Structure formats: C-alpha cells, structure tokens
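Here's the letter readout for the chains.
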Amino acid sequence: MNFSIKATIRAFVAPEHRIVCSKRFWDHILVELARRGGQRTESGVFLLGVNRGVYREVLDAIFYDDLDPDAYSSGVCVLHGEAFAKLWTACREKKMTVVADAHTHPAGAFQSSSDKENPMVARAGHVAIIIPNFARPPLQRRSIRIYEYCGQHDWIDRSPKIAPGYFYTGLWS
Ligand SMILES: [Zn+2]
C-alpha cells in the first residue's frame, strides 16, 4: 500500500503515534534480543530511523553486542565510548538517527535506577523501551514499558498501558 494512504489511516487509528516500526521488523528484533541474551543476560539494541515530521520511523537496528562483543558480560547491558563511536559512524553512513533503544530485563520491565540515571542517549526526546522476561515469548504488548527522556534524569511514561499508540507497530506501520 502506498505510503501516504498508510500515514492517513495511521493518523486516524493511532493519532498519538510518535514512533512507527513495522510489525515484522519489531517481531524480528524481539526474537534477536531473546536469542542474544540466551535467557541468561540482558540484551539490547539501538533502533535507527528517520524523522517524518510528527513521528519517527524505525528502519534499521544495531544490537549492542555487534558494537561490543562484551556488552552483556556483566549480566546487564554496558557500552563504552568506543561502541558509541561505532554507533555514530553507522548513523552517519546510513543517514539515520537513533530513534530509541530497547533492552531486556529478567523479570518486570520497570526502569531500574541505573536506567533512569544513565540514558543510553542523553538527549530530550530519546526513547527507552524495556522488554520483560528476557523477551521470551509469548510477550504481551502491554507488558513492555516505554519511557521518553526529558533531560535532567526525568522521564515520561509512554508505555502501551498509558499511551497505546505512541510506539506503533500495528497493521498500518
Ligand atoms: Zn534496564
């Protein structure tokens, strides 16, 4: 279907959407996060994309362990400066920006104090997605948590429970 028809329908069914990702690509990301964490460690990914006016579209992804093979070795996701240098180079080459990051937690998807204090990208408007149970299926969409960074270690909860269409992976993505 043509891009503008989809955008028109989406504006109607999910007027609050700010990030759009095709369901197929999001499902692939969840499978990869579960596989890479091996049900033993957290795993994470940067979602890359482009700005399309009021929303951003996810078109690509870079997993933390592709930036640093040791990213999960402590059990939680840790990235150092060199990994970020690789990330920014990839963004430049692909002409994309980091739309969001997503990482798994062993149990619930609540933000840890470390998640709150250390945004992966400390820029207002950056979005952090947390996926429970190491992304093990079956995953209820309402069980993931989504937080938008406002700066100064302050976040707004944009989770599906509160803002169902904010991160849109539905039929019209
Ligand atoms: Zn976390």
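Quantities reported herein were computed from a predicted structural model and do not represent experimental measurements.

K.L.:
Hey, could you run me through the coordination of the zinc ion in this one?
P.N.:
Ideal geometry at a metal gives 109.5 degrees between four tetrahedral donors and either 90 or 180 degrees between six octahedral ones. The zinc ion binds to the protein through His103 (NE2), His105 (NE2), Asp115 (OD) and Asp115 (OD); the donor distances cover 2.0 to 2.5 Å. Donor residues binding the zinc ion come from one chain and are separated in sequence as H-x1-H-x9-D. In this structure, His103 and His105 share a single accessibility class: buried.

K.L.:
I would appreciate a short explanation of the layout of surface pockets in the present structure.
P.N.:
The probe, sized like a water molecule, is rolled over the atoms to show the empty space still left. What the largest pocket holds in volume is close to 320 Å³. As for the largest pocket, its lining consists of 19 residues, of which Cys77, Ser114, Asp115, Asn118 and Met120 are closest to the centre. Along the lines of polarity and charge, the residues of the lining of the largest pocket split into 10 nonpolar, six polar and three charged. One number sums up the size of the second largest pocket: a volume of about 240 Å³. If you go around the second largest pocket, you meet 15 residues; those closest to its centre are Lys23, Trp26, Asp27, Leu30 and Leu139. For the lining of the second largest pocket, the class distribution of residues is nine nonpolar, two polar and four charged.

K.L.:
Would you mind showing me how to read the pairing of strand β5 (residues 127-131) here?
P.N.:
A regular strand carries its side chains on alternate faces of the sheet. Of all five residues making up β5, five are buried, and the element is well covered by its neighbours. Judged from the five bridges that link them, strand β4 (residues 97-104) and β5 form a sheet pairing that is parallel. Bridge assignment links Ala102 to a residue of β5, and that residue is Ile129. Note: β5 against strand β6 (residues 145-151), four bridges, orientation antiparallel. Residue pairing for β6: Ile129 is matched across the bridge by Ile146.

K.L.:
Honestly, the side chain of Asp101 in this entry has me stumped. Any pointers?
P.N.:
Here Asp101 is to be found in strand β4. Although buried, Asp101 forms no salt bridge, and the nearest oppositely charged side chain, Arg123, lies 9.4 Å from it. Separated by 2.6 Å, the side chains of Asp101 and His126 make a polar contact.

K.L.:
I would appreciate a short explanation of the sheet that holds β5 in the present structure.
P.N.:
Two strands in a sheet stick together by hydrogen bonds in their backbones, pointing the same way (parallel) or opposite ways (antiparallel). Read from one edge to the other, the open sheet built from eight strands follows the order β7-β6-β5-β4-β2-β3-β1-β8, with strand pairing classed as mixed. Strands with a single pairing partner mark the edges of an open sheet, and in this sheet they are β7 (154-157) and β8 (167-168). The sheet contact formed by strand β2 (residues 44-52) and β4 spans six bridges and is antiparallel. If you follow Leu47 over to β4, its bridge partner there is Ala100.

K.L.:
What's the story with the pairing of β7 in this structure? I'm lost.
P.N.:
In this sheet, β7 lies alongside β6 in antiparallel orientation, the contact comprising four bridges. Paired with Glu148 across the strands is Ile156, a residue of β7. Hairpin connection, β6 to β7: the antiparallel pair is bridged by two residues, and Gln152 has positive phi, about 55°.

K.L.:
Help me understand the side chain of Asp115, please; the structure alone is not making it clear to me.
P.N.:
Of note, Asp115 is situated in helix α5 (residues 113-117). One buried charge, Asp115, has no salt-bridge partner; the nearest side chain with opposite charge is Lys116, at 9.0 Å. Among the polar contacts listed, one links the side chain of Asp115 to the side chain of His105, at a separation of 3.1 Å. Every residue in contact with Asp115, bar those within four places of it in the chain, is listed here: His103, His105, Phe110, Ile130 and Trp155.

The rules we used
- Residues numbered from 1 in each chain as written.
- Predicted model: local features only at pLDDT ≥ 70, side-chain atom pairs only at ≥ 80, totals over all residues.
- Heavy atoms only, no water.
- Donors = N, O, S within 2.8 Å, 3.2 Å for Na, K, Ca; no water.
- Buried < 20%, exposed > 50% of the residue type's maximum accessible area, 1.4 Å probe, protein only.
- 1 Å grid on protein atoms, 1.4 Å probe; cavity = no way out; pocket = protein on both sides within 12 Å on 5 of 7 lines; lining within 4 Å.
- Points joined across faces, edges and corners; volume = space filled by probe spheres on them.
- Nonpolar A, V, L, I, M, F, W, Y, C, P; charged D, E, K, R; others polar.
- Helix = DSSP H or I, 4+ residues; strand = E, 2+ residues; numbered from the N terminus.
- Pairing = 2+ DSSP bridges.
- Lys, Arg positive; Asp, Glu negative; His and termini not counted.
- Salt bridge = Lys/Arg side-chain N within 4 Å of Asp/Glu carboxyl O.
- Polar contact = N/O pair within 3.5 Å; in protein donor to acceptor, adjacent residues only side chain to side chain.
- Contact = heavy atoms within 4.5 Å.

No statement about biological role is implied by the geometric values presented.
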